[in-house]
Every structure is written in structure tokens, then in C-alpha cells.
Amino acid sequence: MTNKYYEFFCPVKVIAGKAALEHIPFELTSLAAKRPMIITDKGVRAAGLLEPVIAACEESGLDIVTIYDDVPPDSSTTVVSAIAKVYRKEKCDSIIAVGGGSAIDTGKAVNILVSEGGDDIAEYSGAGILKHPLKPFFVVPTTAGTGSEVTSVAVISDEKKGVKLPYSSPFLLPNAAVIDPRMTLTLPPHITAATAMDALTHATEAFTCMAKNPLSDAYATAAVKKVSQSLLKVMDQPKDEDGRLDLAQASTMAGIAFSNSMVGLVHSLGHATGAICHLPHGLCMSLYLPYVLEFNLESIREPLGELLLYLEGPEVYSATPSARRAEASISAIRKLRDELYKRCKLPRTLKETEKVLENQLEAIASMALDDGSIMFNPREVSLEDAMTILRRAWA
């Protein structure tokens, strides 16, 4: 299943560790930026996460005149236009996005408007539309999950039309991703769990789907290992900085992996479920992962078996006969989900979410078949197949 030809691209500088935030001013001034705008949401600001960023900038004489802290959980074209207006009015020259996937996607979209001009972000939707580098853009993730800080895509809702607009361009990649464990210390348990499972899914799909390659494999396996070793530790000791840093790095590594090797059916089903039932993305990933791996099993037996080494460690791996390793990997993921359910009630089935109705399954299945990720799934998926997986995931 190895590809004879592949491309691997990740030009994002990663600044990571316990004083990473303090390096932001140096990065800004090296790009001649003096008036950054911070884009974030109310929760991040209320948790006091902007303080170290602002303090670092003020100490080195940078003006942070503009903070936009009203990004909604599902960002929209209206929000993006509103922020772009503020950016222009305040004569900002760069963007620091601080937050989860939504704040980062919003930052990417705002950067398109303030760099390219215009008020309608919908005009730039699609792939390959952007032809020039955008303004300096930095990302400080506050959840360890989406990997959005190292991907060249963004998704913004068009509320009037009721659709999600995709954006894809290498120019959307930030100049640097700043990974600091202080930013995830206050994450509540269920978000810690769901976002880590998001990273685990990115890595697992990157390692088992059609476009995998040796470079993405290296990032994917490293991410799986970090999540497996640190997630339960962090669930039991939320203030464990080393564990938090491990999860944040795992998310970044998984992001690099999947943006180079793509994802598969877990994402297709997850995107559809998110759109129809409004469930958080990380939760959808955690829900569907074992069921899709079972469906793909015969096409991915070898790579899935290899993942056992990173999921369970060398002792378990060597004690498991090679013919049973793929199944053992799925069991390891199920076991992890059971442990998370014990600690924070992270749902393992669609029924446990209490938000999905059985009569929505057909709509989810047909929407999933139209999702781009499905092209890279190692096994062809029919509507009937999708329904079977959804019924399994139901209860």
C-alpha cells in the first residue's frame, strides 16, 4: 500500500515549551510587525490565557491595541467581515490567533480579507484561489487536538446559505505555531479528552489511509505514542505541565501528519454528524474511530497492527502474535475510550451523546458519502456500509 510518489510540506515554524509565549514579540519584529491584533473567544479571555501573551508583547514595546474576543464556537462569514473592519480601522499589521479550532480558522479567514481586500470572504472559498503570501500570522493553540496551527485549511459557516465554506491554500499556514503548556492547563476534563482523541484520530487515519508516506508516518506514530502515554495521566493530574506539553505536541505532530497524508471515513462521518447534530468535532472522532477501523480492518491490517507498538508499548506488542495485532490495536483504543468515559463521561456511542436521534442516521450517512475525506479511505464505502457503521456506533 506504499505510495511510489508523494509530497510532504510543512513550512510552519514550531516554537514549543514552557516559555514559548515570550518568543512571540521577537517573531513579530523579525517580520517588521508592530501592531498585532489578537483574535480569540470569551472563554479563552475569561480563563486569563491572554495575560502572558499581552505581557510578553508589552515588555518588548509592542502595541496590542486591538483584541477581538467574540469568536463563536462555529465561526461565520459575518464574524470574519466584522473583525476585518476592526483590523483596518485600527491599522493593525499582523494577527495572533489564540484559541481552539474556531479562533484559528477565523484568524486564517480574517487574514485573507485584510491581505487580499474586499468584504466578502465567500469569494475566496475553495482551493488554490490565493496567489500571494498573506500578512504575518501566529497561532497559539489552547486545546491540544485540532492541529489547525499546522494545516493549510479553514472552514467558515455561511449562516445565510446554511453551508460550511472550505478554504485551502499553503498561504493559510501560519508563520509560526506557539505551543505552550500554560495554554492548556485550564482545559476542562471533557475537552481535554475529546481534543486528545481528535489528535489520536488524525494520527491513526494518517497512518492507515491511502495517502500515507514515510514522512507522515513518522509524525503519526510519534503522536499516537504521546497521546497513549500522557492522556490518562493528564486526566488524573490536570496541572501536569509535562503531560500537557506532550498532548499539545501530539496534536501538532498529528496535524502535520494528516495534512500531508489526508484522513478517511472517521472524518467523513464526523463532519456529517457535526453538521447535522451539532456535536463537537473531537467527540465525533472519538465516537467513530474504533467502528471505522473495524470496517477497514482487512485493508489496513498491517499498519494498524504496527500501531500497537505505539498504543500499548513494546512489551504488549512483542507478546501479541502478529496476526492479532490489528485487533489488539482496536481493543487498546476501546479501552482508552472506556477509561475516558469513567473519568468524564465522554460518550462512546451515538446513543450516549443524547443529541443524536436514530432517524438522523440516514441523513448522516448520505452526507458523509459526499465528504472529501472519503476519497482517501482505504476501503470503498457504500450508503449501506455507512449505515451499518452508524448502527454499530449507535449503541
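Provided above is the structure to which this section pertains.
Before going into details, it helps to say that this report is about the structure given with it.

**Quick notes on the sheet that holds strand E7 (residues 153-158)**
- A sheet is described by the order of its strands in space; here 3 strands give the open sequence E5-E8-E7, paired in mixed fashion. Of all strands in the sheet, those bounded by a partner on one side alone are strand E5 (126-127) and E7.
- Here E5 pairs with strand E8 (residues 163-168) via 2 bridges, running parallel. Looking at E8, one finds that glycine 126 is bridged to tyrosine 167.

**Describing the sheet that holds strand E3 (residues 66-68)**
- Strands sit in the order E1-E9-E6-E4-E2-E3 across an open sheet of 6 strands; the sheet is parallel. Only two strands of the sheet have a single neighbouring strand rather than two, namely strand E1 (13-16) and E3. Adjacent strand axes in the sheet meet at a mean angle of 20 degrees, parallel and antiparallel pairs treated alike.
- Pairing analysis gives 4 bridges linking E1 to strand E9 (residues 176-179), with the strands arranged parallel. Bridge pairing in E9 places lysine 13 opposite alanine 176.

**Points about helix H14 (residues 361-369)**
- Among the residues of H14, Leu361, Ile364, Ala365 and Ala368 are the ones counted as buried. Relative to the axis of H14, the buried residues are bounded by an arc of 100 degrees and lie together on one face.
- The inward-facing, buried residues of H14 abut helix H9 (265-277), helix H10 (281-312), helix H13 (350-353) and helix H15 (383-394).

**Some thoughts on the nonpolar core**
- Membership of the largest hydrophobic core comes to 75 residues, with the highest contact counts inside it found for Leu200, Leu231, Tyr288, Leu350 and Leu390.
- With 15 residues, the top contributor of residues to this core is H10.
- Discounting chain neighbours no more than four positions away, the residues touching leucine 350 are Thr273, Leu287, Tyr288, Val356, Leu361, Leu390, Ala393 and Trp394.
- The next biggest cluster of nonpolar side chains, apart from the first, holds 29 residues, and it includes Met37, Ile121, Leu130 and Leu165.

Calculation notes
The numbering scheme is per chain: residues are counted from 1 as the chain's sequence reads. Totals for whole chains, interfaces and linings use every residue, but because this is a predicted model, local features are given only for residues with pLDDT of at least 70 and side-chain atom pairs only at 80 or more, for both listing and counting. Based on all heavy atoms of the structure, the side-chain values leave hydrogens and waters out of the count. Whether two strands pair depends on DSSP finding at least two bridges between them. The way it works is that DSSP assigns letters per residue, a run of H or I at least four long becomes a helix, a run of E at least two long becomes a strand, and they are numbered from the N terminus. Axis lines are fitted through C-alpha atoms, for helices just across the contact stretch, and the angle between N-to-C directions can take any value from 0 to 180 degrees. The classification of residues rests on relative accessible area computed with a 1.4 Å probe and restricted to protein chains. Under 20% of the type maximum is buried, over 50% is exposed, and intermediate values are partly exposed. Read the arc as the range of directions from the helix axis to the C-beta atoms. Throughout, a contact is declared for two residues whenever any of their heavy atoms are within 4.5 Å. The nonpolar core is taken to be a set of buried Ala, Val, Leu, Ile, Met, Phe, Trp, Tyr and Cys residues, with the residues joined through side-chain atoms within 4.5 Å.

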